[in-house]
Each structure stands twice: as structure tokens, then as C-alpha cells.
Amino acid sequence: MGYAFFRKIIFVFAPLLLSLKGISQPYVDIVNISAQSLQSNYKDALNSKNTTTNYFLNLTTPIRVDSQNTVIIRIYGENLRSTIKNDFLSHTNNLYAALLPIGLQHETNNKKWKILGLLMPKLSSNFKDKISSYDMQLGGYGLVTYKHSNKLQIKAGLYYNRECFGNFFIPLAGIDWKINDRFQIYGVLPTFYRFEFAAIKKKLYTGLEFRSYTRSYRLDATENHNYVKNKEIKAKFFVDFYLTKGFVLFAEFGRTIGYSPQEYLYSTQILANTNQIYTGIKDGFLFNTGLVYRIRFDFK
């Protein structure tokens, strides 16, 4: 009964979801829950071990205004759990982020252009103190997509966020290209790009993925409101298995190219040495798995 009710809800929302086609990939994830695990070593003389686990939750809700405009509301949650172990200590810290992107996608009359704009208020902290202005960040995301043909789209835009270390801008560019019925590439660099192969159409998809994120988390008053900056660059092999037309179980295996949550002094880019858990770590292998409810626009 619950599954049937869920399908009715998706049926009602289907026209709205189709209006999101072409944002940055051939699908939209309505619900995405995942956990990523990384084990590595610290760059210290004690040969300390690091275990970092990321838990993610992503929800997307479109509200269609008319044939050309769609309001988009997303909810994003993250828990970054880091553990250090050596012969002298074993300690775990948690960082959290909650993001609420709200914006509008506009499509021109000739269907050739789409313009997406998002306002992105965010809370990012270890949340050991009461929530305050220290924890708040504000950003924005703009993306323009030109549809050259049904197989080729060209995108450009800009990402901005007021991080703990200051203003952070990222120019965006990408090409979505459906090479043939089984192979396509899509994404927006430098944050996300995917080479996807349909091993079994509508059932099994695999390929290579590149992701890059930079984000920051405020620490509490006992740590002088310092912050942790996490620059994450990784390359992964992925497998998406469609349990049904919409439900996807996925797994990813890869390696970090640059990954090291480190603590910095308040309002500076000077490394702090007050918390051993947020010092430099070496690159390592990672594994990510999760469950998604996904609408694919290329399923006929």
C-alpha cells in the first residue's frame, strides 16, 4: 500500500519533474541518501590513522509556475564524521551542514535556452553552541544552458558562497553529449563530470565520475570560532543498479586526488594546530553507497 501511494505521488509530480530536464544531467534525483567512507593516514610522525565518513541527504521539489518557469526547492544535509587513532589517543569529531537552495528555472519560448538561478542559505558548523551568525553562510548558483540539439547541450555559469575563509567564486562550464544510445557524458566542471555507459539499458549503468568540492564548517567558542576547510577532489568508478524504474541502488569506488579537512584560525587562511583531528591526511581510497529515487528523462 505504501509503495502504491508513493507511485501516485510521483505520477502527480511527473510533469513538474520533466520541466527540470537538462539542468545538468539526464536525470533528477528526488531523494538521495548515501554514506561515503575513506580510510587514510595522517601526515604525522605517529603514523596516525584517519577514518572519515560522510553521510548525505538530498531532496528536490519542483513547483511548476507555468510552461516556462519552475520554482525549485532543495534540502541538503551532511554529517562529516572524522576519527583519529594512534598509540596515544582515539578521538572522533562531527561536523554538520544544512543547505536550502531555492530558485527558479526559466525556459525560453524557442526551447533553446534555460536559465537557472538559486539562492543558497546554509548552516555549517559543529553545532556545539547555539546556532548563531557564526554558523551562517549565504551563496548563489547561476547556470545558462543552450540546447544545440537533442544530443548536445552547452552550459556556463557561476557559483558563489560566503565561506568561513571569505568570498569563494567558481566559474562553471560543461557539455552534455549523448554520443550514442549507450554512451554519454555530462556535468558541470570543475564540480562534477560523468562518463556513463548503459551496460543494460534501464537496468545497469556504469562509468567514471569526477567530483570536486570546497566547503567550510565553523567551530564552537571553545575553539575560538576557528573553522575547518575541506577541499575534496576525487575520481570514482560507479555502478547504478535500477531496482525498479525509479529506485536506484548505487556504489562508487575511487581515490581522492586531494582531500584533507584542516583547521584554520578565525577569519584567516593560517593553519591552526589546536585540534589534531583536523590536520593533514594523505590521499586514500574511498567507497560510497546509497539509495536514490530518480527520474531519468532518457527512459522511453
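First, a word on what this report is: a plain description of the structure on this page.

This paragraph deals with the overall build of the chain. Looking only at helices and strands, one finds one helix and 16 strands in the chain. Against the 2.2 N^0.38 benchmark of 19 Å for 300 residues, the chain shows a C-alpha radius of gyration of 20 Å, consistent with a compact globule. Principal axes of the C-alpha set define a box for the chain whose edges measure 60 × 40 × 40 Å. Counting all 300 residues of the chain, 47% fall into the buried class. In the chain, the share of contacts with a sequence separation of at least 24, taken over all contacts with a separation of at least 6, comes to 56%. Here the chain has roughly 15300 Å² of accessible surface; of this, 64% comes from carbon and sulfur atoms. Each charge sign in the chain was given a centre, from 38 positive and 21 negative side chains, and these centres are 8 Å apart.

Leu116, Leu118, Met120, Tyr141, Tyr159 and Leu172 are the most contacted members of the largest nonpolar core, which has 18 residues in total. At the level of secondary structure, the elements contributing two or more residues to this core comprise β3 (69–85), β6 (113–125), β7 (136–149) and β9 (166–178). Residue contacts for Leu172: discarding those within four places in its chain leaves Tyr141, Gly142, Lys155, Ala156, Gly157, Leu158, Tyr159, Val188, Leu189, Pro190 and Thr191. Judged by nonpolar contacts, the second largest core, of 14 residues, contains Tyr42, Ala97, Val228 and Tyr259.

What follows is about unusual backbone geometry. At the junction of Leu189 and Pro190, the peptide bond is cis and its omega measures out at 10° in the coordinates. Even without being glycine, His225 reaches a positive phi, approximately 55°. In this fold, His225 is placed in the loop between β12 (204–218) and β13 (227–242).

So, on to a nonpolar patch on the surface. There is a patch of nonpolar side chains on the surface, built from Ile154, Ile175, Trp177 and Ile179 and spanning about 340 Å² of accessible area. Tracing the sequence through the fold places Ile179 in the loop between β9 and β10 (183–188). Among the residues examined, Ile179 registers a relative accessible area of 30% and is labelled partly exposed.

Taken together, the ten bridges between β3 and strand β4 (residues 90–99) define a ladder with antiparallel strand orientation. Across the sheet, Asn79 pairs through a bridge with Tyr96, a residue of β4. By the bridge criterion, four bridges tie β4 to β6 in an arrangement that is antiparallel. In the strand pairing of β6, Leu99 is matched with Lys122.

Both strand β11 (residues 192–200) and β12 contribute to a ladder of eight bridges, which runs antiparallel. Its bridge partner lying in β12, Phe195 is registered against Leu208. Hairpin remark: β11 followed by β12, antiparallel, with three residues in the connecting loop; positive phi at Lys202, about 65°. Bridge analysis of β12 against β13 gives 15 bridges, and the strand direction is antiparallel. Bridge pairing in β13 links Tyr217 to Val228.

Our focus in this paragraph is the environment of Ser212. Along the chain, Ser212 falls in strand β12. Here Ser212 falls in the buried class, since its relative accessible area comes to 16%. Linking Ser212 and Asp283, residues 71 residues apart in sequence, is a C-alpha distance of 14 Å. Dropping the residues within four chain positions of it, Ser212 is found in contact with Pro190, Thr191, Glu232 and Ile233.

The final tally for this structure, using the stated rule, is 16 salt bridges. For Asp176, the salt bridge identified is with Lys155, shortest N-O distance 2.5 Å. With Asp176 in strand β9 and Lys155 in strand β8 (residues 152–163), the pair connects residues that are 21 residues apart, well separated along the chain. Bridged by salt links that share partners, the residues Asp29, Arg194, Glu209, Arg211, Lys236, Asp240, Glu252 and Arg294 form one connected network.

Applying the stated criterion to the full structure yields 16 aromatic pairs. Measuring from centroid to centroid gives 6.2 Å for Tyr134 and Tyr266, while their planes differ by 70°, and the two rings are edge-to-face. With a gap of 132 residues between them, Tyr134 in the loop between β6 and β7 and Tyr266 in the loop between β15 (262–264) and β16 (285–296) connect regions that are remote in the sequence. Tyr134 gets classed as partly exposed once you look at its relative accessible area, which sits at 36%. A ring pair is formed by Tyr193 and Phe195, whose centres lie 5.7 Å apart and whose planes are at 75°; its orientation type is edge-to-face. Judged by its relative accessible area of 40%, Phe195 falls in the partly exposed class. Put simply, the rings of Phe165, Phe168, Tyr227 and Tyr264 touch in pairs and so form one group of aromatic residues. Geometry around Tyr27 places Arg294 over its ring, the cationic atom sitting 4.0 Å from the centre. For Arg296, the ring lying beneath its charged end belongs to Tyr205, and the centroid distance is 4.4 Å.

Basis of the calculations
- Residues numbered from 1 in each chain as written.
- Predicted model: local features only at pLDDT ≥ 70, side-chain atom pairs only at ≥ 80, totals over all residues.
- Heavy atoms only, no water.
- Helix = DSSP H or I, 4+ residues; strand = E, 2+ residues; numbered from the N terminus.
- Rg over C-alpha atoms; globule rule 2.2 N^0.38 Å.
- Buried < 20%, exposed > 50% of the residue type's maximum accessible area, 1.4 Å probe, protein only.
- Contact = heavy atoms within 4.5 Å.
- Areas by Shrake-Rupley, 256 points an atom, 1.4 Å probe, with all protein chains shown as cover.
- Lys, Arg positive; Asp, Glu negative; His and termini not counted.
- Charge placed at Lys NZ, Arg CZ, Asp CG, Glu CD.
- Core = buried A, V, L, I, M, F, W, Y, C linked by side-chain atoms within 4.5 Å.
- Patch = residues over 30% accessible without salt bridge, like charges linked within 9 Å, V, L, I, M, F, W, Y side chains within 5 Å.
- Salt bridge = Lys/Arg side-chain N within 4 Å of Asp/Glu carboxyl O.
- Pairing = 2+ DSSP bridges.
- Phe/Tyr/Trp six-rings, centres within 6.5 Å; stacked < 30°, edge-to-face > 60°.
- Lys NZ or Arg CZ within 6 Å of the ring centre and 35° of its normal.

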